[in-house]
Amino acid sequence: MKPFLKTSLFAIFIMSAANVASAAETVAVKMPKELSAQAKWGQIAFDQNCAACHGDKAAGTEQGPPLIHDTYNPGHHGDESFYRAVSSGVQQHHWPYGNMPAQPQVKPELAGMIIKFIREVQSENGIVYKPHMMQ
Ligand code: HEC
């Protein structure tokens, strides 16, 4: 088999494996031209404490979901749910990645800056407040 073909087949195999697990979802994230001062600090803290699972710019990885995602719009996951995720962790419920461990090293003030960062990037990507409907 030609090496090129082998590589393409392998890529297709990987892609279908990911589909079967219906897991890892990553998104393309557009960054705002400018972040507020608080959000800039938030991004640094996010990179240090959250990006390993939630990805660069919160675009998602194999270990955690993208937070730049309609599921996390401020109407569905208000700021309290972010503070709670950081202080107490999250039981797996929306995704197939497992639980999120608490991140107690991130104090509420810093968590607030991380939330600011995420909200500003969400808004740049059209993810805005939608009232939460029970389904
Ligand atoms: C070890 C991996 C990991 C780290 C580190 C991590 N998370 Fe998570 N996080 C997850 C996973 C996995 C989920 C999805 C749980 C589910 O809904 O199935 C999640 C879910 C969330 C949610 C959704 C909460 C909800 O109520 O559904 C928020 C908000 C969140 N994370 C924020 C953060 C922030 C902010 C940080 C950094 C301070 C962080 N996470 C660090 C893995 C991680």
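Everything here concerns the structure above.
These numbers come from a predicted model, not from an experiment.

Let's shift gears to the nonpolar core. Of all hydrophobic cores here, the largest spans 18 residues; its most connected members are Phe46, Ala58, Ile68, Ile114, Phe117 and Ile118. Put simply, the parts of the chain that give this core at least two residues each are α2 (37–49) and α5 (108–124). In terms of residues, this core owes the most to one element, α5, which gives seven residues.

In an α-helix, one turn spans 3.6 residues; hence positions three or four apart end up facing the same way. Look at α5: 24 Å from first C-alpha to last across 17 residues, which is about the 24 Å you get at 1.5 Å a residue. Burial in α5 covers these residues: Ala111, Met113, Ile114, Ile115, Lys116, Phe117, Ile118, Arg119, Val121 and Gln122. Along its buried surface, α5 packs onto α2 and α4 (79–88). Directly beyond the C-terminal end of α5, a positive phi value near 75 degrees is found at Gly126.

Turning to unusual backbone geometry, a few remarks are in order. Located in the positive-phi region is Lys57, a residue other than glycine, with phi close to 55 degrees. Position of Lys57 relative to the elements: it lies in the loop between α3 (51–54) and α4. Given 22 C-beta atoms within a 10 Å radius, Lys57 is considered buried. The residue Ala58 is not glycine, and still its phi comes out positive at about 60 degrees. Relative to the assigned elements, Ala58 resides in the loop between α3 and α4.

Rules used throughout
Going along each chain's sequence as written, the residues are numbered from 1 onward. Totals for whole chains, interfaces and linings use all residues, but because this is a predicted model, local features are given only for residues with pLDDT of at least 70 and pairs of side-chain atoms are given and counted only at 80 or more. The term nonpolar core refers to a group of buried residues, namely Ala, Val, Leu, Ile, Met, Phe, Trp, Tyr and Cys, whose C-beta atoms join them within 7 Å. For every residue, the other C-beta atoms within 10 Å of its own C-beta are counted; 20 or more classify it as buried, 12 or fewer as exposed, and values in between as partly exposed. C-beta atoms are placed from the backbone. Numbering goes from the N terminus for both helices and strands, where a helix is a DSSP run of H or I of at least four residues and a strand is a run of E of at least two. Given a helix with a known number of residues, its expected span is that number minus one, times 1.5 Å. Contact between two residues is assigned whenever their backbone-derived C-beta positions fall within 7 Å.

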